[in-house]
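Residue-level structural notes
Now for the letters of each chain:
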Amino acid sequence: MTTMNTDAASLARSAAVDAGEDLLARLRTHIDEVAGGSDAGEVSEETDSALWDAVAAYGDALDVLYGDDDDDDEPDDDEPDDLTFTVRTRYDYTVVDEKAFLAAGTGLGGAVHALLERAGGKPIPALEVASLETGSGLITVHLNREPLTSDDFSDADESTDLLLVDPDESLQFVLDEPVYGSRAEAEAAARRHSGD
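**A word on the overall build of the protein**
A count of helices and strands for the protein gives seven helices and two strands. Reading the protein from its N end, one meets helices and strands in the order α-α-α-α-α-β-α-β-α. In the protein, which comprises 196 residues, the share counted as buried stands at 14%. Excluding contacts between residues fewer than 6 apart, the proportion of contacts in the protein whose partners are at least 24 apart in sequence is 72%. Of the roughly 15800 Å² of accessible surface on the protein, 52% is carried by carbon and sulfur atoms.

So this is what it looks like as structure tokens:
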């Protein structure tokens, strides 16, 4: 924690108190709107935005007052963090032969298991790039009424939500798709999984 001279400390304390009072006033306005049922529409959005701005201003004022420089005390790492990124791949499947699907007696879980077996233990789909090391993956399986298309993203209010699930879908399974360092490690994991 840093120290500051008396005048600077007094000014910082005064600024923090002013920011806190402003936050209280904006919080009172927000609560009154909620209590009165007028917490919808553009007026409410302005109140909500002003409230969060006041929260940020109060936090900033407290940081100045108390010299929040904890980050400066942390030692610098000599090694940079690994650069990582995620590629989400989604394929929609339609059951074209319902009799055969039901006759298999394995249901949706069995169909997904068949897809995993077909991939031969590689990531689905196997994306091989020389400069990239494939990490573990996560597979989500959803039931939906119709396939997701790129147009759905431009029409959505929050397109990022579509990366996880469409509002008309229901989540059925979440499966880990781990990547193992060796075949022996993968076989040992398979034996553990089959024992569940």
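Following the structure, the description resumes.
**Brief notes about the pattern of salt bridges**
Across all of its chains, the model carries two salt bridges by this definition. A salt bridge links Asp22 to Arg26; the nearest nitrogen and oxygen atoms lie 3.2 Å apart. Note that Asp22 and Arg26 are positioned in helix H1 (residues 6-36) at a spacing of four residues, about one turn of the helix. A relative accessible area of 32% places Asp22 in the partly exposed class. Across the pair Asp32 and Arg28 runs a salt bridge, and its minimum N-O distance is 3.2 Å. Taken together, the positions of Asp32 and Arg28, both in helix H1 and four residues apart, correspond to about one turn of that helix.

**Re the side chain of Thr47**
Among the secondary structure elements, Thr47 is positioned in helix H2 (residues 42-66). Thr47 gets classed as buried once you look at its relative accessible area, which sits at 12%. The contacts of Thr47, once residues within four sequence positions are left out, are Thr29, His30 and Glu33.

**Digging into H1**
Compared with the 45 Å implied by 1.5 Å per residue over 31 residues, the 45 Å span of H1 between its first and last C-alpha is a close match. Within H1, burial applies to Ala12, Ala16, Ala19, Gly20, Leu23, His30 and Glu33.

**Thoughts on the nonpolar core**
Side chains of a nonpolar character, in soluble globular proteins, are inclined to be buried together. Counting residues in hydrophobic clusters, the biggest one holds five residues: Ala12, Ala16, Ala19, Ala61 and Leu65. Elements with a minimum of two residues in this core: H1 and H2. No other element matches H1, which puts three residues into this core. In this view, Ala61 contacts Ala15, Ala16 and Ala19; residues no more than four positions away in its chain are not counted.

**Some remarks on a nonpolar patch on the surface**
There is a patch of nonpolar side chains on the surface, built from Phe85, Val87, Val129 and Leu132 and spanning about 380 Å² of accessible area. Inspection of the secondary structure assignment puts Phe85 in the loop between helix H3 (70-73) and helix H4 (98-103).

**Comments concerning the confidence of the model for the protein**
The share of residues in the protein with pLDDT of 70 or more is 69%, and the mean pLDDT across the chain is 75. Averaged over each element, pLDDT in the protein is lowest for H3 (52) and highest for H1 (87).

**A closer look at the environment of Tyr93**
Tracing the sequence through the fold places Tyr93 in the loop between H3 and H4. Overall, Tyr93 belongs to the exposed group, its relative accessible area being 59%. Remark: the alpha-carbon pair of Tyr93 and Asn144, spanning 51 residues in sequence, is separated by 9.8 Å.

What counts as what
Residues numbered from 1 in each chain as written. Predicted model: local features only at pLDDT ≥ 70, side-chain atom pairs only at ≥ 80, totals over all residues. Heavy atoms only, no water. Helix = DSSP H or I, 4+ residues; strand = E, 2+ residues; numbered from the N terminus. Buried < 20%, exposed > 50% of the residue type's maximum accessible area, 1.4 Å probe, protein only. Contact = heavy atoms within 4.5 Å. Areas by Shrake-Rupley, 256 points an atom, 1.4 Å probe, with all protein chains shown as cover. Salt bridge = Lys/Arg side-chain N within 4 Å of Asp/Glu carboxyl O. Expected span 1.5 Å × (residues − 1). Core = buried A, V, L, I, M, F, W, Y, C linked by side-chain atoms within 4.5 Å. Patch = residues over 30% accessible without salt bridge, like charges linked within 9 Å, V, L, I, M, F, W, Y side chains within 5 Å. pLDDT = per-residue confidence, 0-100.

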